[in-house]
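Residue-level listing of the chains:
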Amino acid sequence: MKKDNSSGLGLALLRICASALMMTHGFGKLQMLLNGGEIEFADPIGVGAKFSLILAVIGEFVAPVFVILGFKTRWAAIPTIITMIVAAFVIHASDPIGRKEMALLYLVVFATIALTGAGKFSLDGAMQKKSPYAG
């Protein structure tokens, strides 16, 4: 296997697994949003409980779908990064590191995805055209 294939597979594994795991956190929030009724959800940035829930669903469920597909991956990682910043440094600000470490780990993983892009095995990779001048 060529080195660029293994790098591409590594990026695919990172983005698919991290996003699938993130979606397990967002799925319950999506159900809460779709069920309607009175929404009881934290409002850490002062935009209202319902809008905070919508933002969390975007960061924990919708954006990871795009990351799994590798479509507009660098942009799609941003809502998850912001959600994890709020989780780690606002919601769990006064908690011990053990309570906020999952948010910090997701933050690092999605920041890495935003910096590296989706890699070869993605919709982004399939849409890239090779330049005749690329080395």
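Residues numbered from 1 in each chain as written. Predicted model: local features only at pLDDT ≥ 70, side-chain atom pairs only at ≥ 80, totals over all residues. Heavy atoms only, no water.

A. Geometry of the overall build of the chain. Counting secondary structure elements, the chain contains five helices and zero strands. When the elements of the chain are put in sequence order from the N terminus, they spell out α-α-α-α-α. If you line up the chain on its principal axes, its C-alpha atoms span 55 × 35 × 25 Å. If you take every contact in the chain between residues at least 6 apart in sequence, the share linking residues at least 24 apart comes to 64%. On the chain, roughly 8400 Å² of surface is accessible, and the fraction owed to carbon and sulfur atoms is 68%. (Helix = DSSP H or I, 4+ residues; strand = E, 2+ residues; numbered from the N terminus. Contact = heavy atoms within 4.5 Å. Areas by Shrake-Rupley, 256 points an atom, 1.4 Å probe, with all protein chains shown as cover.)

B. Inspection of helix 3 (residues 73–91) at higher detail. In this model helix 3 runs 26 Å from its N-terminal to its C-terminal C-alpha over 19 residues, within 8% of the 27 Å that 1.5 Å per residue would give. All of the buried residues in helix 3 are T73, A76, A77, T80, I81, T83, M84, V86, A87 and A88. (Expected span 1.5 Å × (residues − 1). Buried < 20%, exposed > 50% of the residue type's maximum accessible area, 1.4 Å probe, protein only.)

C. Summary view of a nonpolar patch on the surface. Together, I45, V47, F51, L55, I58, V62, V65, F66, L69, L123 and M127 give the surface a local cluster of nonpolar side chains, amounting to about 880 Å² of exposed area. With seven residues, the top contributor of residues to the nonpolar patch is helix 2 (residues 49–69). Within the secondary structure, F51 is located in helix 2. (Patch = residues over 30% accessible without salt bridge, like charges linked within 9 Å, V, L, I, M, F, W, Y side chains within 5 Å. Salt bridge = Lys/Arg side-chain N within 4 Å of Asp/Glu carboxyl O.)

D. Spatial organisation of the packing of aromatic side chains. Counted according to the given criterion, the structure contains three aromatic pairs. Here F27 and F61 contribute two aromatic rings whose centre-to-centre distance is 6.2 Å and whose plane-to-plane angle is 45°, an arrangement assigned as tilted. Here F27, found in helix 1 (residues 3–35), pairs with F61, found in helix 2; they are 34 residues apart in sequence, far enough to count as distant. Residue class for F27 comes out partly exposed when judged on its relative accessible area of 42%. The buried category is assigned to F61, whose relative accessible area is 18%. (Phe/Tyr/Trp six-rings, centres within 6.5 Å; stacked < 30°, edge-to-face > 60°.)

The quantities given are spatial measurements derived from coordinates; they are silent on function.
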